[in-house]
Each structure stands twice: as C-alpha cells, then as structure tokens.
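Each chain, written out:
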Amino acid sequence: MRAVYPGSFDPFTPGHLNVVDRARGLFDEVVVLVAVNSSKHPGTGVEERAAAVRAVLPVGWTSVTVADWSGLTSPTAVTMK
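Residues numbered from 1 in each chain as written. Predicted model: local features only at pLDDT ≥ 70, side-chain atom pairs only at ≥ 80, totals over all residues. Heavy atoms only, no water.

Structural notes on the pattern of salt bridges
Consideration 1: The tally for this structure, following the rule as stated, stands at 2 salt bridges.
Consideration 2: Note that Glu29 is salt-bridged to Arg2, the shortest N-O span being 3.0 Å. Linking Glu29 in strand β2 (residues 29-35) with Arg2 in strand β1 (residues 2-7), this pair joins segments that are 27 residues apart in sequence.
Consideration 3: We classify Glu29 as partly exposed; its relative accessible area is 25%.
Consideration 4: With a shortest N-O distance of 2.6 Å, Asp21 and Arg24 are connected by a salt bridge. Taken together, the residues span about one helical turn, with Asp21 and Arg24 both in helix α1 (residues 14-24) at a distance of 3 residues.
Consideration 5: On the accessibility criterion, Asp21 (35% relative accessible area) is partly exposed. (Salt bridge = Lys/Arg side-chain N within 4 Å of Asp/Glu carboxyl O. Helix = DSSP H or I, 4+ residues; strand = E, 2+ residues; numbered from the N terminus. Buried < 20%, exposed > 50% of the residue type's maximum accessible area, 1.4 Å probe, protein only.)

Function-wise, these values are silent; they only describe arrangement.
Spelled out as structure tokens, the structure:
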C-alpha cells in the first residue's frame, strides 16, 4: 500500500522527517510530494525544495521517494484490513 505525504515543505523540518519515518512502518511505499501552493511564497522553488528533502532522507529508506508537484491533490479513503 502506498502513502502520499503532500506539502510545501518550506523548509522540511525534523517533524516532517518523523512523520515520514512513522509512515514507513505503516505503508509499503511513501511518496513525499513537494507541492506548489499558490497562496504561499516559499524562499526556493519546488525543485530545490524536493532536492533538499532528498538530501536529508537516510540512504536506507528505499521505500521513500520524493517528487515535485504542481497539480491538484485529493484525499482518498482506504479501508485497511
């Protein structure tokens, strides 16, 4: 099962890293989606923020990927058994 963790991540904090770490224990794959939020004015562009997130993820976290995103995100409910 895959989890998507969207946010502007300006900056990506130790708290964000903790959420990703906990999600790794619950899901097969975690995608950190570095998103564009038109109501926010980050200090760096989305590609730079995605690179910064990649730089702080431990090498062994192979189930975690990072993508930059400028589209719409929508929650989906999934029932876990």
